[in-house]
Amino acid sequence: MIQIRRILCPVDFSPFARRALDHAAVLSRWYEAETTVLHVSPTMPAVFGLEPMMTEAALAPFDREGLGRELLTFVGDTSEMKPTPQLVVKAGSPVRTILE
């Protein structure tokens, strides 16, 4: 039998992300896995040379607290997820940040 110890569930507040979070909740209960729910606020590309770079400075005011509240509301009641999930909000390139 496989062991799942950690689950990463990136969310963008869409209905698809809600469905993914529901599946993550089931897996976290079944395997008693640590779950991290991650929202990445995309930064705007700043062009330096030939390749666009993602810089946090290029982002319009990043409201980490506001997004944190929105994430908490989106996740809702975490009592179904055991152990309680860690909620994380970051700014950057969503693809790169999720892979990191």
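The structure presented is a predicted model; accordingly, all values stated were derived computationally and were not measured.

**Student:** Hey, could you go over unusual backbone geometry for me, with residue numbers and the actual values?
**Tutor:** Phi at phenylalanine 13 takes a positive value of approximately 70°, unusual for a residue other than glycine. By the element assignment, phenylalanine 13 lies in the loop between strand 1 (6-10) and helix 1 (15-31). In this structure, glutamate 32 takes a positive phi of about 50° despite not being glycine. Note on placement: glutamate 32 falls in the loop between helix 1 and strand 2 (34-42).

**Student:** Residues and numbers for the pattern of salt bridges, please.
**Tutor:** Side chains that differ in sign of charge can pair as their charged atoms come close. Applying the stated criterion across every chain, the model contains one salt bridge. Of the charged contacts in the structure, one is a salt bridge between arginine 18 and aspartate 22, with a shortest N-O distance of 3.0 Å. Of this pair, arginine 18 and aspartate 22 both sit in helix 1, four residues apart, which is roughly one turn of the helix. Classification of aspartate 22 as partly exposed rests on a relative accessible area of 36%.

**Student:** Lay out the packing of aromatic side chains in plain terms, naming residues and giving numbers.
**Tutor:** Tallying each qualifying case throughout the model produces one aromatic pair. Ring geometry for phenylalanine 13 against phenylalanine 74: centres 5.5 Å apart, planes inclined by 75°, an arrangement best described as edge-to-face. With a gap of 61 residues between them, phenylalanine 13 in the loop between strand 1 and helix 1 and phenylalanine 74 in helix 2 (residues 64-75) connect regions that are remote in the sequence.

Criteria and cut-off values
- Residues numbered from 1 in each chain as written.
- Predicted model: local features only at pLDDT ≥ 70, side-chain atom pairs only at ≥ 80, totals over all residues.
- Heavy atoms only, no water.
- Helix = DSSP H or I, 4+ residues; strand = E, 2+ residues; numbered from the N terminus.
- Salt bridge = Lys/Arg side-chain N within 4 Å of Asp/Glu carboxyl O.
- Buried < 20%, exposed > 50% of the residue type's maximum accessible area, 1.4 Å probe, protein only.
- Phe/Tyr/Trp six-rings, centres within 6.5 Å; stacked < 30°, edge-to-face > 60°.

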